Amino acid sequence: MAQTTAVKQSKANARAQKQLGHNTWRKAFMQHYWLYIMMLPALLYMIIFNYLPMTGLYMAFTDFSPFNGDTILESVFGSPFVGLKYFKKLFTGPDFWTLFRNTLSISLANLFFAFPAPIILALILNELRCKWFKRTAQTLVYIPHFVSIVIVAALTFQMFSTTDGAIYHVLTQIFGANAPDLLSDPKLFPALIVGQNIWKETGYGTIIYLAALSSVDVQLYEAAKIDGAGRWQLMWHVTLPAIRGTIVLMLIMKVGQLLNTSYEQIFLMQNSMNRAASDVFDTYVYTKGITGGQYSLATATGLFKSTISMLMVVTANKIAKLCGESGLY
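Since this is a predicted model, take the numbers as computed values, not measurements. (Residues numbered from 1 in each chain as written. Predicted model: local features only at pLDDT ≥ 70, side-chain atom pairs only at ≥ 80, totals over all residues. Heavy atoms only, no water.)

1. What to know about the overall build of the protein chain
Okay, step 1: A tally of helices and strands in the protein chain yields 17 helices and zero strands.
Okay, step 2: A compact globule built from 329 residues would reach a C-alpha radius of gyration of about 20 Å, whereas the protein chain, at 27 Å, exceeds it by more than 25%.
Okay, step 3: Oriented by its inertia axes, the alpha-carbon framework of the protein chain measures out at about 95 × 75 × 35 Å.
Okay, step 4: Residue burial in the protein chain is summarised as follows: out of 329 residues, 33% are buried.
Okay, step 5: In the structure as shown, the protein chain presents an accessible area of about 20900 Å², 67% of it carried by carbon and sulfur atoms.
Okay, step 6: The centroid of the 25 positive side-chain charges in the protein chain is displaced by 15 Å from the centroid of its 16 negative side-chain charges. (Helix = DSSP H or I, 4+ residues; strand = E, 2+ residues; numbered from the N terminus. Rg over C-alpha atoms; globule rule 2.2 N^0.38 Å. Buried < 20%, exposed > 50% of the residue type's maximum accessible area, 1.4 Å probe, protein only. Areas by Shrake-Rupley, 256 points an atom, 1.4 Å probe, with all protein chains shown as cover. Lys, Arg positive; Asp, Glu negative; His and termini not counted. Charge placed at Lys NZ, Arg CZ, Asp CG, Glu CD.)

And the structure:
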């Protein structure tokens, strides 16, 4: 009898909870329906420009030709299905390991040098006590982000040109005939790309870290000072632990972009002399897809990159969870 009563009570509680949840959802929708209406443009944008184009991924599994139909959909779904043919062609091709090595060398260099740069700069700006100088410095370091990468490439060519480059002539005064040629030496190409990224994006990248630093409890600094902590100890034991969650979150997102190099930047800085180090997956997609008309191979390459990036994000997030951080999701 008691067991039957408990079962009935459990079912009644479940029905009440379900009804409560239903009413709560309806009530929340009616109270905030303008927010849902305002969300519609962003939702439509995501569907039209992010999810609908995913139908084109089917080209990676077909022998696609734009002449297989009268419309783009007929061409995509009317092309003969070939399975993993183009994935095998990508993995067994003579360029795959060169592309993989070049992409990883540039991406890892960015991860080790360009990723910590905004954190270090944010810590430095946070230590400035003169407010007008701090605001001026922040404005100056933000400006390069708004400069087009085309302008950055043109400035790089102008400064490091072996004929009339100002910085190259300074290097010749220091190293003589052994002055490094950043524009043509394949070994220096990753350093060139990383240097451009640090100059262009470091200042703008400090915004999120400065926002995180503004939320650090001032009482923690006061307590540490009472215990005799100096400025470096405050930074190491108070500031960095307070923004550790933000750093981990940004690191997870950065790890997911290891195979995604900036196509425009690489393409603009690429030339016949540094091609051995500047051929990456992004330029390969352009060369094979747009220039060569091998759309299926280019789509297979892009799908491979996206799959690896997703796996890396999931793995990095799992590791962050195991280490006690909140992670990305």
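Still more to cover.
2. A word on the environment of Pro-118
Okay, step 1: Counting through the fold element by element, Pro-118 comes out in helix 6 (residues 116-127).
Okay, step 2: Exposure remark for Pro-118: the relative accessible area of 9% places this residue in the buried category.
Okay, step 3: Through-space distance from the C-alpha of Pro-118 to that of Ala-316 is 21 Å; in sequence the pair is 198 residues apart.
Okay, step 4: Excluding its chain neighbours within four sequence positions, the residues that come into contact with Pro-118 are Thr-202, Gly-205, Thr-206 and Tyr-209. (Contact = heavy atoms within 4.5 Å.)

3. Concerning the side chain of Asn-274
Okay, step 1: Mapped onto the elements, Asn-274 comes out in the loop between helix 14 (263-269) and helix 15 (275-278).
Okay, step 2: Leave out the neighbours within four places in its chain, and Asn-274 touches Leu-183, Ser-184, Pro-186, Phe-189 and Met-269.

4. Here we look at the environment of Ser-215
Okay, step 1: Looking at the secondary structure, you find Ser-215 in the loop between helix 10 (189-213) and helix 11 (218-226).
Okay, step 2: Ser-215 sits in the exposed class, given a relative accessible area of 59%.
Okay, step 3: A polar atom in the side chain of Ser-215 sits 2.7 Å from the backbone oxygen of Ala-212. (Polar contact = N/O pair within 3.5 Å; in protein donor to acceptor, adjacent residues only side chain to side chain.)

5. Regarding the pattern of salt bridges
Okay, step 1: Scanning all chains against the criterion turns up four salt bridges.
Okay, step 2: As a salt-bridge pair, Glu-127 and Arg-129 come within 3.8 Å of each other at their nearest N and O atoms.
Okay, step 3: The partner of Arg-231 in a salt bridge is Glu-127, and the shortest N-O contact between them spans 3.3 Å. Of this pair, Arg-231 sits in helix 12 (residues 231-242) while Glu-127 sits in helix 6; the two residues are 104 residues apart in sequence, bridging distant segments of the chain. (Salt bridge = Lys/Arg side-chain N within 4 Å of Asp/Glu carboxyl O.)

6. Quick look at the nonpolar core
Okay, step 1: Phe-115, Ile-119, Tyr-209, Leu-210, Leu-213 and Ile-247 are the most contacted members of the largest nonpolar core, which has 22 residues in total.
Okay, step 2: Where this core is concerned, the elements lending two or more residues are helix 6, helix 7 (131-142), helix 10, helix 13 (244-255) and helix 17 (295-322).
Okay, step 3: When residues of this core are assigned to their parent elements, the largest contribution, five residues, is made by helix 6.
Okay, step 4: Non-local contacts of Phe-115, meaning those with residues more than four positions away in its chain, are made with Asn-110, Tyr-209, Ile-247, Met-250, Leu-251 and Lys-254. (Core = buried A, V, L, I, M, F, W, Y, C linked by side-chain atoms within 4.5 Å.)

7. Concerning helix 10
Okay, step 1: Compared with an ideal rise of 1.5 Å per residue, which puts 25 residues at 36 Å, helix 10 spans 35 Å between its outermost C-alpha atoms and is within 8% of the ideal.
Okay, step 2: The sharpest bend along helix 10 measures roughly 50 degrees and falls at Glu-201. (Expected span 1.5 Å × (residues − 1). Bend = angle between axes of the 7 residues up to and from the residue.)

8. Quick look at the side chain of Thr-206
Okay, step 1: Relative to the assigned elements, Thr-206 resides in helix 10.
Okay, step 2: Residue classification places Thr-206 among the buried positions, given a relative accessible area of 0%.
Okay, step 3: There is a polar contact of 2.4 Å between the side chain of Thr-206 and the backbone oxygen of Gly-203.

9. Structural notes on the packing of aromatic side chains
In this description, an aromatic ring pair is defined by two values, namely the gap between the centres and the angle between the planes.
Okay, step 1: Overall, the coordinates contain 20 aromatic pairs when judged by the stated rule.
Okay, step 2: On the numbers, 6.4 Å between centres and 75 degrees between planes, the contact of Phe-100 with Phe-281 is edge-to-face. Residue Phe-100 is located in helix 5 (residues 96-114), and its partner Phe-281 is located in helix 16 (residues 281-291); the two are separated by 181 residues in the primary sequence.
Okay, step 3: The exposure class of Phe-100 is partly exposed, given its relative accessible area of 24%.
Okay, step 4: Relative to Tyr-286, the ring of Tyr-263 has its centre 5.5 Å away and its plane inclined at 40 degrees; by these criteria the two rings are tilted. Of this pair, Tyr-263 sits in helix 14 while Tyr-286 sits in helix 16; the two residues are 23 residues apart in sequence, bridging distant segments of the chain.
Okay, step 5: The rings of Phe-91, Phe-96, Trp-97, Phe-100, Phe-281 and Phe-304 are connected pair by pair, giving a single aromatic cluster. (Phe/Tyr/Trp six-rings, centres within 6.5 Å; stacked < 30°, edge-to-face > 60°.)

10. Thoughts on the packing of helix 8 (residues 149-160) against helix 9 (residues 166-175)
Okay, step 1: Between helix 8 and helix 9, the least distance of the axes is 4 Å, while the angle of their chain directions is 35 degrees. Listed contacts from helix 9 to Gln-158, Met-159 and Phe-160 of helix 8 are Ala-166, Ile-167 and Tyr-168.
Okay, step 2: In terms of residue class, the contact of helix 8 with helix 9 is made up of five nonpolar, one polar and no charged. (Axes fitted to C-alpha atoms, helices over the stretch in contact; angles between N-to-C directions. Nonpolar A, V, L, I, M, F, W, Y, C, P; charged D, E, K, R; others polar.)

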